[in-house]
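# Structure assessment
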Amino acid sequence: GQNIDQPTEMTATEGAIVQINCTYQTSGFNGLFWYQQHAGEAPTFLSYNVLDGLEEKGRFSSFLSRSKGYSYLLLKELQMKDSASYLCAVRDSTNAGKSTFGDGTTLTVKP
Amino acid sequence: DGGITQSPKYLFRKEGQNVTLSCEQNLNHDAMYWYRQDPGQGLRLIYYSQIVNDFQKGDIAEGYSVSREKKESFPLTVTSAQKNPTAFYLCASSQPGLAGAGEQFFGPGTRLTVL
């Protein structure tokens, strides 16, 4: 099975940088995803890592270390609209492509 | 526009009644998924389907049933056997095996309240 841990809540200031960590223990690994979910809405895809290293996409970057079972999502130049829950998800190595989700990190951006 | 639709957005039912939540996608994705989300928690997998006429139980399948008679449709029935059915239900689809990420695309969700 999969076990995924991420902090429950984080607070940061508008314009700052925040790093949200995710650690995982898995029986099979075929990629790690980060999704953003605003309150009451559906999750939307942010980033994907399958190889070690950093993937950059505008203000968002995601890092993966498979040997350490560790990923982080880095958000730069924070905006108020970045206040949301950030979900880490690990996809298993079967053909189904199903993922196990962490409980999410609720980020609050303050002025 | 391509996407996933779920209806209705809000659903109220009396205890002991079965209820079916609809999920339709026009993304031509092979895989579809149903998740349940409770307040302050992540997504828990109920059922998933890799291909038409085939589906598997997820982590919390008890009290739920699904069908996959068409590629674009994956309805979920919440039966009276589900002990605590009040939750936010999310449907998703993906196309595994592609060179890209194969990320999941989510519908807007159905908030079910059992009275």
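Details of the structure are given in the entry above.
Rules of the game
- Residues numbered from 1 in each chain as written.
- Chains lettered and ligands numbered in written order.
- Predicted model: local features only at pLDDT ≥ 70, side-chain atom pairs only at ≥ 80, totals over all residues.
- Heavy atoms only, no water.
- Contact = heavy atoms within 4.5 Å.
- Buried area = accessible area lost by both parts, 1.4 Å probe.
- Salt bridge = Lys/Arg side-chain N within 4 Å of Asp/Glu carboxyl O.
- Polar contact = N/O pair within 3.5 Å; in protein donor to acceptor, adjacent residues only side chain to side chain.
- Helix = DSSP H or I, 4+ residues; strand = E, 2+ residues; numbered from the N terminus.
- Nonpolar A, V, L, I, M, F, W, Y, C, P; charged D, E, K, R; others polar.
- Buried < 20%, exposed > 50% of the residue type's maximum accessible area, 1.4 Å probe, protein only.

The interface of chain B with chain A comprises 23 residues on the first partner and 19 residues on the second. For the chain B and chain A pair, buried surface summed over both sides reaches about 1,600 Å², with 57% attributable to carbon and sulfur atoms. Taken as a group, L43, A101 and F106 of chain B account for 26% of the area that chain B buries against chain A, more than any other trio of residues on that side. The interface formed by chain B and chain A includes 0 salt bridges. At the boundary of chain B and chain A, one finds 4 residue pairs in polar contact (both at pLDDT 80 or more). Where the side of chain B that touches chain A is concerned, the elements lending two or more residues are β4 (31–37), β5 (43–51) and β9 (87–94) of chain B. Here the residues of the side of chain B that touches chain A sort into 12 nonpolar, 8 polar and 3 charged.

Looking now at unusual backbone geometry. All names here are of chain B. Going from S7 to P8, the amide bond is cis rather than trans, its omega being -10°. Along the chain, P8 turns up in the loop between β1 (4–7) and β2 (10–13). With phi around 60°, N28 is a residue other than glycine that occupies positive phi space. Here N28 is to be found in the loop between β3 (19–25) and β4. Unlike most non-glycine residues, N53 shows phi in positive territory, near 65°. Within the secondary structure, N53 sits in the loop between β5 and β6 (54–57). Owing to a relative accessible area of 63%, N53 belongs among the exposed residues under this scheme.

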